[in-house]
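So the chains spell out like this:
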Amino acid sequence: MHWPPRTDDVARLIDTLRWVVERSPYYRRVLDGAGVRIADLRTYDDVRRRVPRTAKVDLVENQRAHPPFGEFLAVPREEFGSLHTSPGPILIPRLASERGGTPVLASSIRAMGVRPGDVAHVTLSYHIMPGGLRLHRAFEEAGCLVLNGGTGNSRLQVELARAWGATVYAGTPSFLANLGDTARELGLDPRRDLTYRVGFSTAEALTPALRRDLEDTFGIELFDHCGEAQIGPLAGECRAHEGMHLHARDLFCEFLDPETGEPVEAGGTGELVATQLGPRALPLVRYAPGDVFRLLSGACPCGDPAPRVVFVGQVGAIRKIKGVLVHPAQVHRALSEFPDVARFQIVVDHPEGERYDRAVLRAGVSTPPEDPTALVRAIAERVKAVALVGMDVELVGANDLPEGAAAPRFADVMVDRRKKS
Ligand SMILES: [Zn+2]
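Residues numbered from 1 in each chain as written. Predicted model: local features only at pLDDT ≥ 70, side-chain atom pairs only at ≥ 80, totals over all residues. Heavy atoms only, no water.

Draft legend 1. Structural view of the pairing of strand β2 (residues 80-86). Relative to strand β3 (residues 90-95), β2 runs antiparallel, the two being bridged by six bridges. Within β3, the residue paired with Leu83 across the bridge is Pro93. In sequence, β2 turns back onto β3 through a hairpin of three residues, with Gly88 there showing a positive phi of about 155°. (Pairing = 2+ DSSP bridges. Helix = DSSP H or I, 4+ residues; strand = E, 2+ residues; numbered from the N terminus.)

Draft legend 2. Local environment of the sheet that holds strand β21 (residues 414-416). One open sheet holds the four strands; their spatial order is β20-β19-β18-β21, and the pairing between them is mixed. The outermost strands of the open sheet, each flanked by one partner alone, are β20 (392-397) and β21. Direction aside, neighbouring strands of the sheet carry axes that sit 20° apart on average. As judged from the six bridges shared by strand β19 (residues 358-365) and β20, these two strands associate in the parallel manner. Residue pairing in the sheet places Arg362 in a bridge with Glu394 of β20. (Axes fitted to C-alpha atoms, helices over the stretch in contact; angles between N-to-C directions.)

Draft legend 3. Seen up close, the coordination of the zinc ion. Of the protein atoms, only Cys238 (SG), His245 (NE2), Cys300 (SG) and Cys302 (SG) coordinate the zinc ion, at distances of 2.1 to 2.3 Å. One can describe the site at the zinc ion as tetrahedral: its four donor atoms subtend angles covering 104 to 112° at the metal. Every donor residue of the zinc ion comes from the same chain, spaced as C-x6-H-x54-C-x1-C. The same class applies to Cys238 as to His245, namely buried. (Donors = N, O, S within 2.8 Å, 3.2 Å for Na, K, Ca; no water. Tetrahedral: all angles 85-135°; square planar, octahedral: opposite > 155°, others 65-115°. Buried < 20%, exposed > 50% of the residue type's maximum accessible area, 1.4 Å probe, protein only.)

Draft legend 4. Looking closely at the environment of Cys302. Relative to the assigned elements, Cys302 resides in the loop between β14 (291-295) and β15 (308-314). Since its relative accessible area comes to 39%, Cys302 is described here as partly exposed. Separated by 63 residues in sequence, Cys302 and Arg239 have C-alpha atoms that sit 7.2 Å apart.

Draft legend 5. Structural view of a nonpolar patch on the surface. Residues Leu145, Leu156, Leu160 and Trp164 make up a contiguous nonpolar surface patch of about 380 Å² in total accessible area. Ranked by the residues each element gives to the nonpolar patch, the list is headed by helix α7 (residues 154-164), at three residues. Residue Leu160 is classed as partly exposed on the basis of its relative accessible area, which comes to 31%. (Patch = residues over 30% accessible without salt bridge, like charges linked within 9 Å, V, L, I, M, F, W, Y side chains within 5 Å. Areas by Shrake-Rupley, 256 points an atom, 1.4 Å probe, with all protein chains shown as cover. Salt bridge = Lys/Arg side-chain N within 4 Å of Asp/Glu carboxyl O.)

Draft legend 6. Spatial organisation of the environment of Asp291. By the element assignment, Asp291 lies in strand β14. When the C-alpha positions of Asp291 and Gln345 are compared, they lie 22 Å apart, and in sequence the two are 54 residues distant. Every residue in contact with Asp291, bar those within four places of it in the chain, is listed here: Glu228, Gly270, Glu271, Leu272, Phe311, Gly313 and Gln314. (Contact = heavy atoms within 4.5 Å.)

Draft legend 7. Broad picture of the packing of aromatic side chains. Across all of its chains, the model carries 13 aromatic pairs by this definition. Considering the side-chain rings of Trp3 and Phe255, the 5.9 Å spacing of their centres and the 75° angle between planes classify their relative orientation as edge-to-face. Of this pair, Trp3 sits in the segment before α1 (7-23) while Phe255 is found in strand β11 (residues 251-256), placing the two residues 252 residues apart along the sequence. On the basis of relative accessibility, which here comes to 13%, the residue Trp3 falls in the buried class. Assessed through its relative accessible area of 1%, Phe255 is described here as buried. Seen in terms of ring centroids, Phe293 and Phe311 are 5.4 Å apart; in terms of plane orientation they differ by 65°. Their pairing is edge-to-face. (Phe/Tyr/Trp six-rings, centres within 6.5 Å; stacked < 30°, edge-to-face > 60°.)

Draft legend 8. Up close: the layout of surface pockets. Counted as a void, the second largest pocket has a volume near 350 Å³. Together, 27 residues line the second largest pocket, and Arg99, Gly100, Gly101, Asp250 and Arg280 are the ones closest to its centre. For the lining of the second largest pocket, the elements supplying multiple residues, two or more each, are β3, α5 (102-111) and β9 (232-237). Residues that form the lining of the second largest pocket fall into these classes: twelve nonpolar, seven polar and eight charged. (1 Å grid on protein atoms, 1.4 Å probe; cavity = no way out; pocket = protein on both sides within 12 Å on 5 of 7 lines; lining within 4 Å. Points joined across faces, edges and corners; volume = space filled by probe spheres on them. Nonpolar A, V, L, I, M, F, W, Y, C, P; charged D, E, K, R; others polar.)

Draft legend 9. Region of interest: the pattern of salt bridges. Following the criterion strictly, the structure yields 29 salt bridges and no others. We note a salt bridge from Glu221 to Arg239, for which the minimum N-O separation is 2.7 Å. Of this pair, Glu221 sits in strand β8 (residues 221-228) while Arg239 sits in the loop between β9 and β10 (244-246), and the two are 18 residues apart along the sequence. Here Arg239 falls in the exposed class, since its relative accessible area comes to 53%. A salt bridge links Glu254 to Arg286, with the shortest nitrogen-to-oxygen separation between them at 2.8 Å. With a gap of 32 residues between them, Glu254 in strand β11 and Arg286 in the loop between β12 (269-276) and β13 (287-288) connect regions that are remote in the sequence. Comparing Glu254 with Arg286 shows no difference in burial state: the two are buried. Among the charged side chains, a salt-bridge network with shared partners connects Asp45, Arg48, Arg49 and Glu262.

Written out as structure tokens, the structure is:
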């Protein structure tokens, strides 16, 4: 997949839309309702301007109204090869020919420097949800010996990883931290007695502080990876660790300005809208899970031409400040380096007669700092580096901010006092 899309990407997209509309009652109705005939679609802009988006709630509601699979289905049940469930709950049937994101994972695994013969320890759940099984298959494809660890049983998992000399960890960063604690409880040294070399971190945010902590504990090189429940794996870090390469191949990915819906160029921040390419049991067209990414510009030192993205956060809480889209999760990531800052609030204002917005970051400290001036300066620098926008930093008591002014929901973080034009 290229961004901006190339002619061959657009041709594949329009071929897929034709296949879907012939078979899926839901999409036939939606496109009829919007007055769209596939024969009239020629360019990417035709598709972007005319084909409606699909929200997660559309899929959930339609499956609820027409159980079990809803009207999205494009094939009869006899053709299903497998069936997955994702939170919602949403039922995702697949054709036997659908590889469910395995090729994307295999590309990411190779970019991490995993080699045939590595011993991969997979600790995502193998039950009901697709994650564990999908990773397992991808590591098998990469020529690894794969341990199906699954979740929980951390003592047994440490013993297994040690006995088999596991060289690759794959799972959430928090479970890796748990394995480190468990190893120490068993009287082991995670660096000496465990042999992890590569860590595939997924399904949770990998903050810079957590990454450093885990790399220190295990002597491991961690790689961030992201995906989405319905459309599967998307992007992963290479050894340059400068953003995640978009490895998705059977997805047409669009990155659109959350406010204007216009395509975003490298350097900008855009909401992901994805269409699954090729025949699918349950096709998704212009599916918008609400995930916002920053697109990095320039070539990656690793030589892989695939576009690079950095996950920013969910679209609901995002605000444009001084022309830059800012998500509370970015600021949270910057603040995670300051353990004393528990809650935070961003107050945006546009003072009368001024040219620019003013943003004040109210950082809630749990204990008064020894050197407030130095702390204010350090926070301002860090936030500017991560969120790419300057803010005036003000220290307040953590209890002076509402409970919702914190991760993971960020409900009370953004306070927008600008007049709506
Ligand atoms: Zn790279």
